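Structural description and commentary
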Amino acid sequence: MRRNFIEVPTNGIKINTLIEGEGKPVIFVHGWPESWYSWRHQIEPFKKAGYKVIIPDIRGYGNSEKPKKVNSYSLREITSDLIGILDFLKEKDAHIIGHDWGAPISWYTSLLFPERILSVSGLSVPFNPFNEISPVTLFKDLYKDAFFYILYFQKVGIAEKELENNIKKTLRLIYCNSDSFGMKKMIDNASNKNLKPKDKNSTFLEGMTEPENLPKWLKEEDLEYFTNEFKKSGMYGPLNKYRCMDLDWQELFKLSLNKIKQPSCFITGSLDPVNFFIPGVNLFESVGENYKNLKVKELIDDVGHWTQQEAPDQVNKILLDFLEKI
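Description of the structure in this document. (Residues numbered from 1 in each chain as written. Predicted model: local features only at pLDDT ≥ 70, side-chain atom pairs only at ≥ 80, totals over all residues. Heavy atoms only, no water.)

Focus on the overall build of the protein
A tally of regular secondary structure across the protein gives 14 helices and eight strands. Against the compact-globule benchmark of 20 Å for 326 residues, the protein has a radius of gyration of 19 Å, which places it among compact chains. Over its C-alpha atoms, taken along the principal directions, the protein stretches across nearly 55 × 45 × 40 Å. Within the protein, the proportion of its 326 residues that are buried is 56%. When contacts within the protein are restricted to residue pairs at least 6 apart in sequence, those whose partners lie at least 24 apart make up 78%. In the form shown here, the protein has an accessible surface area of approximately 15000 Å², with 50% of it arising from carbon and sulfur atoms. Here the protein carries 43 positive and 44 negative side-chain charges, and the mean point of each set is 3 Å from the other. (Helix = DSSP H or I, 4+ residues; strand = E, 2+ residues; numbered from the N terminus. Rg over C-alpha atoms; globule rule 2.2 N^0.38 Å. Buried < 20%, exposed > 50% of the residue type's maximum accessible area, 1.4 Å probe, protein only. Contact = heavy atoms within 4.5 Å. Areas by Shrake-Rupley, 256 points an atom, 1.4 Å probe, with all protein chains shown as cover. Lys, Arg positive; Asp, Glu negative; His and termini not counted. Charge placed at Lys NZ, Arg CZ, Asp CG, Glu CD.)

Okay, here's the thing in structure tokens:
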């Protein structure tokens, strides 16, 4: 099906944005390493339900512009891109839904521009205030001699070289090691007492197993589409979001202490690796205390990180029911 894209001028750059349907706007915000295409299963159901669907390629991705400075990928900049899209469309306000990095982007859009956001939904990554120490320092303390991907991503060029060497293989490994099947395998491996965690000097893809076949949720044509998008964009812009984590901490620490005021929804999979992000802590159990109006908190069984792609029907029902109620 041919999709309707507009090159939207916003916040000093141009953002490739899918805009379809009529009604109250819903902005969908993708994560890493994804694209607008990550929301392909949501477009028709939301249009049918009477919403205007707005799905941008976040700056640095796909056909959107790719600023050259690392600091151009802060939460302040990206949230301003989204509000600029609403301004361009002459829309007063909108609902917002984000997955992975798109979730923090959505939470902070609601905090930075409260009058423009009607409700906020996050998939995979719950809202939590910043710690007293910076994220990078915190991760260094937590992981010490073990590998942690966010620390690996900090230095420009190293991760790009590894991940861009064979984009299709990179994406296949990432998608298939973080979905439900890949996570079950990782949990099985983790139960092996003789298996040591990756050393901090490892690379990102090291130790990932390549599946013989793609999982049901990911067709060959889907993988091909994502591959072509990253062949266009490369990984520099997308990885810069991780490199701005300490900048976000500096700029938004005080704001992060506020609770999300808008009606809120949180959805994650029971096998999402983000649930086990901090050793010894289950993030899903703590979801709720940082919201004033959390109406929905759902854990979908047997689903990994790619929530709305692995379980589109369940996710669509939860989200549409949530929006209908409010």
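Read on for the rest.
Side note on helix 9 (residues 220-233)
With 14 residues, helix 9 extends 20 Å from end C-alpha to end C-alpha; this agrees with the ideal 20 Å at 1.5 Å per step. The secondary structure elements touched by the buried residues of helix 9 are helix 7 (167-178), helix 10 (236-243) and helix 13 (307-310). (Expected span 1.5 Å × (residues − 1).)

Observations regarding the pattern of salt bridges
What the rule picks out here adds up to 22 salt bridges. For lysine 169, the salt bridge identified is with glutamate 210, shortest N-O distance 3.9 Å. Of this pair, lysine 169 sits in helix 7 while glutamate 210 is found in the loop between helix 8 (180-190) and helix 9, placing the two residues 41 residues apart along the sequence. By sharing partners, the salt bridges in this structure join Arg3, Glu20, Glu44 and Lys47 into a single network. (Salt bridge = Lys/Arg side-chain N within 4 Å of Asp/Glu carboxyl O.)

A short note on the nonpolar core
Ranked by size, the top nonpolar core spans 92 residues in total, and within it Trp32, Phe46, Phe153, Leu163, Tyr175 and Phe204 carry the most contacts. Those residues in contact with tryptophan 32, other than ones at most four positions away along the chain, are Tyr61, Asp100, Trp101, Phe153, Leu163, Ile174, Phe204, Met235, Pro238, Leu239, Tyr242 and Trp306. (Core = buried A, V, L, I, M, F, W, Y, C linked by side-chain atoms within 4.5 Å.)

Considering the pairing of strand 3 (residues 24-29)
Of all six residues in strand 3, five are buried, a share of seventy percent or more. Sheet analysis places strand 3 next to strand 4 (residues 51-56), joined by four bridges and oriented parallel. Note that in strand 4 the partner of valine 26 across the bridge is valine 53. Taken together, strand 3, helix 1 (residues 43-48) and strand 4 constitute a β-α-β crossover, and its handedness is right-handed. Here strand 3 runs beside strand 5 (residues 94-99); their pairing, made up of four bridges, is parallel. For valine 26, the partnering residue across the bridge sits in strand 5 and is histidine 95. (Pairing = 2+ DSSP bridges. Right-handed = clockwise from strand over helix to strand, strands pointing away.)

Things to note about helix 10
A large share of helix 10 lies buried, amounting to seven of its eight residues. Those residues of helix 10 that sit buried are Gly237, Pro238, Leu239, Asn240, Lys241, Tyr242 and Arg243. Its buried side turned inward, helix 10 meets helix 2 (75-88), helix 5 (149-152), helix 6 (158-164), helix 9 and helix 11 (245-256).

Topic: the environment of leucine 118
Its location among the elements puts leucine 118 in strand 6 (residues 117-123). Each C-alpha atom of the pair leucine 118 and serine 72 lies 27 Å from the other, and the pair is 46 residues apart in sequence. Once you skip the residues sitting within four places of it in the chain, leucine 118 turns out to touch Lys24, Asp93, Ala94, His95, Gln262 and Pro263.

Some points on the sheet that holds strand 6
The pairing of strands in a sheet comes from backbone hydrogen bonds and takes either a parallel or an antiparallel form. Ordered in space as 1-2-4-3-5-6-7-8, the eight strands form an open sheet in which the pairing is mixed. Of all the strands in the sheet, just strand 1 (5-10) and strand 8 (294-300) have a single pairing partner and so form its edges. On average, each strand axis in the sheet is tilted by 20 degrees relative to the strand beside it, whichever way the strands run. (Axes fitted to C-alpha atoms, helices over the stretch in contact; angles between N-to-C directions.)

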